[in-house]
Amino acid sequence: TAQEIAAAARELPDALKQSITTAAENIRKFHAAQKRENFRIETMPGVICWRKAVPISRVGIYIPGGSAPLFSTVLMLGIPATLAGCSEIVLCTPPDRNGRINPAILFAAHLVGITKIFRVGGAQAIGALAYGTRTIPNVFKIFGPGNQYVTRAKQMVTEEGVAIHMPAGPSEV
């Protein structure tokens, strides 16, 4: 809720909020420079070719939140999606033992402009993003890392026609 997001922002140290904001500005600047304009060219009389970028209307991002809450991944996935023109970004992340989402994840999501945030993790989050539930809308492409179960779930939903960016494992290190 908006109240939970505001409380998360109050809870974080100012130095961390400033670091997240600086990182967001740098990521935004980098990805904005990659944006290509549409163009048309007549390759021969009467033959017109063009390139046109069309954003995916609804994407899902999975953000691990357990032992290593990856708030940086919110920035690295959410900012390019926003710049690309995705009209809806759905974020799923597991809550802690008290049912709370990590405050840095909430702060980063708010900074990026993500408004659909759900407390759900693991393979069930991938299933919810792929097929939808009463409360979680289905998406057309799923982004984000996760553990072996999240990775396997992403591989399985691709067999059903849902796109994923890659079957990222528990660590890229």
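Residues numbered from 1 in each chain as written. Predicted model: local features only at pLDDT ≥ 70, side-chain atom pairs only at ≥ 80, totals over all residues. Heavy atoms only, no water.

J.: With reference to specific residues and values, describe the overall build of the chain.
T.: The helix and strand tally for the chain stands at six helices and seven strands. Scanning the chain from its N terminus toward the C terminus, one meets helices and strands in the order α-α-β-β-β-α-β-α-β-α-β-α-β. Seen along its three principal axes, the alpha-carbon backbone of the chain occupies a region of about 65 × 40 × 35 Å. Burial statistics for the chain: of 173 residues in total, 36% are counted as buried. Residue pairs at least 24 apart in sequence account for 65% of intrachain contacts in the chain once pairs closer than 6 positions are excluded. In the form shown here, the chain has an accessible surface area of approximately 10300 Å², with 56% of it arising from carbon and sulfur atoms. (Helix = DSSP H or I, 4+ residues; strand = E, 2+ residues; numbered from the N terminus. Buried < 20%, exposed > 50% of the residue type's maximum accessible area, 1.4 Å probe, protein only. Contact = heavy atoms within 4.5 Å. Areas by Shrake-Rupley, 256 points an atom, 1.4 Å probe, with all protein chains shown as cover.)

J.: Provide a residue-level description of the nonpolar core, including the pertinent values.
T.: Within the largest apolar cluster, 27 residues are counted, with the highest numbers of intra-cluster contacts made by Val74, Leu75, Leu91, Ile114 and Ile117. Within the residue set of this core, elements represented by two or more residues are helix 1 (2-11), helix 2 (14-32), strand 3 (58-62), helix 3 (71-84), strand 4 (88-93) and helix 4 (103-112). Counting residues per element, this core draws most heavily on helix 4, which supplies seven residues. Each residue touching leucine 75, except ones within four places of it in the same chain, is listed here: Ile20, Ala23, Ala24, Ile27, Pro80, Ala108 and Val112. Counting 18 residues, the second largest nonpolar core, distinct from the first, contains Cys92, Phe118, Ala130 and Val150. (Core = buried A, V, L, I, M, F, W, Y, C linked by side-chain atoms within 4.5 Å.)

J.: Before we move on, can you summarise the sheet that holds strand 5 (residues 116-119) with the specific residues and values?
T.: Taken in spatial order, the five strands of this open sheet run 5-4-3-6-7, and their pairing is parallel. Whereas interior strands pair on both sides, the edge strands pair on one side only; in this sheet they are strand 5 and strand 7 (163-164). Sheet analysis places strand 3 next to strand 6 (residues 141-143), joined by three bridges and oriented parallel. Within the sheet, the bridge partner assigned to glycine 60 lies in strand 6 and is isoleucine 142. (Pairing = 2+ DSSP bridges.)

J.: Residue-level account of the pairing of strand 2 (residues 47-51), with values.
T.: Pairing geometry for strand 1 (residues 39-44) and strand 2, over five bridges, is antiparallel. Residue pairing across strands places isoleucine 41 opposite cysteine 49, the latter belonging to strand 2. With antiparallel pairing between neighbouring strands as the criterion, strand 1 and strand 2 make up a hairpin whose turn holds two residues, including glycine 46 at a positive phi of roughly 85 degrees.

J.: Outline the packing of helix 1 against helix 4, supporting the account with residue identities and numerical values.
T.: Each packed pair of helices is defined by two parameters, the angle between the axes and the distance between the axes. For the pair helix 1 and helix 4, interaxial distance at closest approach is 8 Å and the crossing angle is 115 degrees. The orientation of helix 1 with respect to helix 4, classified from their angle, is roughly perpendicular. The way helix 1 lies across helix 4 gives a crossing that is left-handed. Contacts between helix 1 and helix 4 pair Glu4, Ile5, Ala8, Ala9 and Glu11 from the former with Pro103, Leu106, Phe107 and His110 from the latter. Here the residues of the contact of helix 1 with helix 4 are counted per class, giving six nonpolar, one polar and two charged. (Axes fitted to C-alpha atoms, helices over the stretch in contact; angles between N-to-C directions. Parallel < 35°, antiparallel > 145°, perpendicular 65-115°, else oblique. Left-handed = near helix turned anticlockwise from the far one by under 90°. Nonpolar A, V, L, I, M, F, W, Y, C, P; charged D, E, K, R; others polar.)

J.: Help me get a handle on the pairing of strand 4, residues and values and all.
T.: Burial of strand 4 is extensive: five of the six residues sit out of reach of the surface. Read as a crossover between parallel neighbours, the route from strand 3 over helix 3 to strand 4 is right-handed. Relative to strand 5, strand 4 runs parallel, the two being bridged by four bridges. Paired with cysteine 92 across the strands is phenylalanine 118, a residue of strand 5. (Right-handed = clockwise from strand over helix to strand, strands pointing away.)

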